[in-house]
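Here are the chains, one letter per residue:
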Amino acid sequence: MIPSTASFSLKVNGAAITDLTTLSADKRVSSIAISDSASNIAAGLANIKTLYAKSPNLISTVEINPADDVVTLSASQAVANKDVLSSALFQNIRIQISDTAANIASNLTALDKLANSLSDSGATLDSVKASDGNAVTVSAADLIADYARDPILFQGNLVKVTNASLAQLDSIIGINGPLVSIAGVDVTIVPQIFRRILRLM
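The rules we used
The residue numbers shown here count from 1 along each chain, following its written sequence. Reporting of local features is limited, given that this is a predicted model, to residues whose pLDDT is at least 70; pairs of side-chain atoms are given and counted only at 80 or more, and all residues count toward the totals for whole chains, interfaces and linings. Heavy atoms throughout the structure, all of them, feed into the side-chain values; hydrogens and water do not. One requirement defines pairing of two strands: DSSP has to find at least two bridges between them. Helix and strand definitions follow DSSP, with helices as H or I runs of at least four residues and strands as E runs of at least two, each counted in order from the N terminus. The angle between two axes is taken between their N-to-C directions and runs from 0 to 180 degrees, where each axis is a line fitted to C-alpha atoms and a helix contributes only its stretch in contact. Multiplying 1.5 Å by the helix residue count minus one yields the expected span of that helix. Residue burial is assigned from relative accessible area. The probe radius is 1.4 Å, only protein chains are included, and a residue is buried under 20% of its type maximum, exposed over 50%, and partly exposed in between. Ring pairs shown here join Phe, Tyr and Trp side chains whose ring centres sit within 6.5 Å, with only the six-membered ring taken for Trp; geometry is labelled stacked below 30 degrees between planes, edge-to-face above 60, and tilted in between. For this quantity, the arc is that covered by the directions from the helix axis to the C-beta atoms. Here, two residues are considered to be in contact whenever any of their heavy atoms come within 4.5 Å of each other. N or O atoms within 3.5 Å of each other form a polar contact, as long as, within protein, one can give a hydrogen and the other can take it, and as long as residues adjacent in sequence are counted only when both atoms are side-chain atoms. To qualify as a nonpolar core, a set must consist of buried Ala, Val, Leu, Ile, Met, Phe, Trp, Tyr and Cys residues joined through side-chain atoms within 4.5 Å.

So, about the sheet that holds strand β2 (residues 29-36). Strands belonging to one sheet form pairs held by backbone hydrogen bonds; the direction of such a pair is parallel or antiparallel. Spatially, three strands are ordered β1-β2-β3 in an open sheet, and the strand pairing comes out parallel. Every interior strand has two partners, whereas the edge strands, β1 (10-15) and β3 (59-64), have only one. For this sheet, the mean angle separating the axes of adjacent strands, direction not counted, is 10 degrees. Bridge count between β1 and β2: four bridges; the pairing is parallel. Following the sheet pairing, A15 is matched in β2 by I34.

Before going further, it helps to spend a moment on unusual backbone geometry. With an omega of 0 degrees, the peptide bond between N65 and P66 qualifies as cis. Tracing the backbone through its elements, the reader meets P66 in the loop between β3 and β4 (70-73). In this model, N163 sits at a positive phi of 55 degrees, which is unusual for a non-glycine residue. By secondary structure assignment, the location of N163 is in strand β8 (residues 159-164).

Attention now moves to helix α7 (residues 108-121). One full turn of an α-helix is made of 3.6 residues, so residues set three or four places apart face in the same direction. For α7, which comprises 14 residues, the first-to-last C-alpha distance of 21 Å matches the rise-based estimate of 20 Å (1.5 Å per residue) to within 8%. Every buried residue of α7 is accounted for by L108, L111, D112, L114, A115, S117 and L118.

With that out of the way, let us pick up the packing of aromatic side chains. Overall, the coordinates contain one aromatic pair when judged by the stated rule. Relative to F154, the ring of Y147 has its centre 6.5 Å away and its plane inclined at 40 degrees; by these criteria the two rings are tilted. Neither residue differs from the other here; Y147 and F154 are each classed as buried.

Moving on to helix α8 (residues 140-149). Listed in full, the buried residues belonging to α8 are A140, L143, D146 and Y147. One side of α8 carries all its buried residues, which in axial view fall inside an arc of 140 degrees. As for α8, its buried residues are in contact with α7, β7 (136-139), β8 and α9 (169-173).

Below, the discussion takes up the side chain of S37. Note on placement: S37 falls in the loop between β2 and α2 (38-43). Polar side-chain contacts of S37 include one of 3.2 Å to the side chain of N40.

Residues I34, V71, L73, F90 and I95 are the most contacted members of the largest nonpolar core, which totals 55 residues. Here this core gets five residues from one element, more than from any other, and that element is α7. Discounting chain neighbours no more than four positions away, the residues touching I95 are V70, V71, L73, L85, L118, A123, T124, L125, D126 and S127.

Shown next as structure tokens:
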């Protein structure tokens with residue numbers, strides 16, 4: 001029997017997302033190792049973020065069960081939880097972004113920052129997919145800059161390029177991804193596009 005005056009702490013392993021509220025409120029709990037399904041981790045990500053911000057050392061690890069599953073997030077969900085996804089808690093976890101082309105396009109800058117922060121110590125970004133099959137619209141300047149840093153943001157997606165100049169054509173056409181259209185600010189850009197495409201054939 002443990003004396004009522006005894007001092008002790010609990011390290012909890014295999015905690016489910018649904019256990020977090022109860023466990024985090026128990027002052028005897030000193031650490032929580034989370035183990036849950038990919039879908040439950042995705043659904044409980046905001047809760048993990050809140051606990052991580054409040055007590056960075058309370059959650060010791062986050063594990064996916066089964067381990068080879070991938071956590072699927074929307075673009076806004078991934079961006080909103082960038083700090084915890086970039087932490088060591090998620091270093092053994094793979095994530096993928098699945099959202100509409102419009103939502104991916106509107107979050108491209110933030111997703112670029114997320115991809116860069118993940119590469120340091122956090123989760124692994126497997127893919128960014130437009131769930132509706134539409135083209136991701138992006139300016140030529142952003143496409144070239146973001147693709148150079150994180151090509152995974154565009155691979156496998158249809159891409160519609162805007163505000164392209166002649167000087168940017170070779171960089172755009174050389175990108176490994178299906179280009180739907182290229183709209184330029186220069187009226188001579190269309191014949192130049194065809195000449196460059198023929199040169200690559």
